[in-house]
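Overview (structure and organization)
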Amino acid sequence: MTALDSLPPSDGRPELVVLRAIKLGDLLVAVPALRALRSAFPDHRISLATTAWLAPVVDLVPAVDVHLAQQGFDHPIPVPAGVTDVAVNLHGAGPESEGLVAALDARRVIGHGRPDGPAWIEGPVNERERWVGLLRAHGIAGDPDDVAIDRPADAAVVEGAAVVHVGAFHGARHWPVDRFAEVVRGLRGRGEHVVLTGGSADVARATAVADAAGLPPEAVLAGVLDLQPFAAVVAAARVVVTVDTGAAHLASAYGIPSVVLFGPAPPESWGPPTSGPHVVLTDASVRRGDVFSEVPDPAILAVHPADVLAAVDGLGVGRAAHTARR
């Protein structure tokens, strides 16, 4: 699916337009709401206005028919006024997002704070529940744990790996290189094949982890994989160890056991479904909560390699655990 700069010609179905223009994790926590919209409006064409670079992952969300490129809020959603049957604000409740949705001049608008919508709740709220709850208030049923997306068609470049994701957009979520390296050594000691993932900005960190842990250069996949190949590696993993970032949400989407380290953001809002094989590690008592800081949050620094390895063992995915059960 390509991110389009304008709504394509009508295919005869009523138009449903959703605004959700942020990053990978933000897209994935909205998947339960998108799936609920698909169930509630099976005969509509659903267009998602979101960040253009997310196109490879939007292509994996079966509820979406059209991806409209929406880079921030300094330009309108590229849909002519008056052609939208249903407009949905899955972005927020502020004047910028509400203004973009209002400009669609839709027959029906689903959002917060409207005469028929719920009030916006400040503070720690599970983001999947927030958006499903919004739809519920408008009479649309949904399951906040319905996080599944499609697997990429192409096979993963590595299958059955322990994926250690070392990257994050801001330093507040960075975990020290030496601690990642200790976890990698522990995973290898448990018989796991470890690969290191991250974005193009994380290559140096991943290389430093690999050097400290004695991993070969080919184990460093940071900066190598586009979004769909990255999703494929996560979908084919045995376990994922990551900070709170898109990799964690992909592990949730594919039901892959994961250990997620939280720093400035509360896991009550952004954590994985409690129904899944996931463990959250953090220390809320020391959290500063500045998500844009370039200094690691004390809540993530309170997590140590032994905690991570114990969590992996508790998930029962280690090869040694499988051998012992035979």
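Attention in this report is confined to the structure presented alongside it.

This part is about the overall build of the protein. Along its length, the protein carries 13 helices and eleven strands. The C-alpha atoms of the protein give 20 Å as radius of gyration, which agrees with the globular expectation for 326 residues (20 Å, within 12%). With the C-alpha coordinates aligned to their principal axes, the bounding extent of the protein is approximately 60 × 45 × 40 Å. Within the protein, buried positions represent 54% of all 326 residues. Looking at the protein alone, contacts between residues at least 24 apart form 65% of all its contacts between residues at least 6 apart.

On inspection of all chains with the given rule, the structure shows two cavities of 30 Å³ or more. If you add up the space inside the largest cavity, you get close to 70 Å³. In this structure, the largest cavity is lined by Leu28, Val29, Arg128, Val147, His249, Ser252, Ala253, Gly271, Pro272 and Pro273. Of all the secondary structure elements, the ones that give two or more residues to the lining of the largest cavity are helix 1 (24-29) and helix 9 (246-254). Tallying contributions element by element places helix 9 first for the lining of the largest cavity, with three residues. The residue inventory of the lining of the largest cavity, partitioned by class, reads six nonpolar, three polar and one charged. Within this model, the second largest cavity holds a volume of roughly 30 Å³. Lining the second largest cavity are Ala248, His249, Ser252, Val260, Phe262, Trp270, Gly271 and Pro272. When residues in the lining of the second largest cavity are grouped by element, the largest group, three residues, is from helix 9. Taken together, the residues that form the lining of the second largest cavity break down as five nonpolar, three polar and no charged.

Let us look at the packing of helix 2 (residues 31-40) against helix 5 (residues 127-137). Contact pair helix 2 / helix 5: the axes reach a minimum separation of 8 Å and the direction vectors enclose 25 degrees. Considering their axes alone, helix 2 and helix 5 lie roughly parallel with respect to each other. Here Pro32, Ala33, Ala36 and Leu37 of helix 2 lie close against helix 5, whose contacting residues are Arg128, Trp131, Val132 and Leu135. Considered class by class, the residues forming the contact of helix 2 with helix 5 number seven nonpolar, no polar and one charged.

Bringing the sheet that holds strand 9 (residues 239-243) into the picture now. Sheet architecture is open: five strands sit in the order 8-7-9-10-11, paired in parallel fashion. Looking along the sheet, the strands with just one partner apiece sit at the ends: strand 8 (194-197) and strand 11 (278-281). This sheet shows a mean twist of 15 degrees between the axes of neighbouring strands, independent of strand direction. Summarising the sheet, strand 7 (residues 162-165) and strand 8 pair through four bridges and their orientation is parallel. Paired with Val163 across the two strands is Val195, which belongs to strand 8. Those strands touched by helix 6 (residues 177-189) are strand 7, strand 8 and strand 9, and its axis lies near 180 degrees from that of strand 7.

A positive phi angle is found at Asp105, which is not glycine, with a value near 55 degrees. Structurally, Asp105 can be placed in the loop between helix 4 (95-102) and strand 6 (108-110).

For the structure shown, the criterion picks out two aromatic pairs. Here Trp175 and Phe180 contribute two aromatic rings whose centre-to-centre distance is 5.1 Å and whose plane-to-plane angle is 90 degrees, an arrangement assigned as edge-to-face. Under the relative-accessibility criterion, Trp175 is labelled buried at 1%. Above the face of the Phe169 ring, Lys23 is positioned so that its terminal group lies 5.4 Å from the ring centre. The ring of Trp120 has Arg130 lying over it, and the distance from NZ or CZ to the ring centre is 3.9 Å.

Taken as a whole, the largest pocket holds about 920 Å³ of empty space. Taken together, 33 residues line the largest pocket, and the ones lying closest to its centre are Lys23, Trp53, Phe169, Thr245 and Gly246. Elements with a minimum of two residues in the lining of the largest pocket: helix 1, helix 8 (227-235) and helix 9. A class-by-class count of the residues in the lining of the largest pocket yields 15 nonpolar, twelve polar and six charged. Lining the second largest pocket are Trp120, Ile121, Glu122, Gly123, Pro124, Glu127, Arg130, Pro266, Ser269 and Trp270. Counting only elements with at least two residues in the lining of the second largest pocket, the list comes to helix 5 and helix 10 (267-270). Here the lining of the second largest pocket is built from residues that sort into five nonpolar, two polar and three charged.

What counts, and where the lines are drawn
Residues numbered from 1 in each chain as written. Predicted model: local features only at pLDDT ≥ 70, side-chain atom pairs only at ≥ 80, totals over all residues. Heavy atoms only, no water. Helix = DSSP H or I, 4+ residues; strand = E, 2+ residues; numbered from the N terminus. Rg over C-alpha atoms; globule rule 2.2 N^0.38 Å. Buried < 20%, exposed > 50% of the residue type's maximum accessible area, 1.4 Å probe, protein only. Contact = heavy atoms within 4.5 Å. 1 Å grid on protein atoms, 1.4 Å probe; cavity = no way out; pocket = protein on both sides within 12 Å on 5 of 7 lines; lining within 4 Å. Points joined across faces, edges and corners; volume = space filled by probe spheres on them. Nonpolar A, V, L, I, M, F, W, Y, C, P; charged D, E, K, R; others polar. Axes fitted to C-alpha atoms, helices over the stretch in contact; angles between N-to-C directions. Parallel < 35°, antiparallel > 145°, perpendicular 65-115°, else oblique. Pairing = 2+ DSSP bridges. Phe/Tyr/Trp six-rings, centres within 6.5 Å; stacked < 30°, edge-to-face > 60°. Lys NZ or Arg CZ within 6 Å of the ring centre and 35° of its normal.

It is worth stressing that arrangement in space is one thing and function is another; only the former is reported here.
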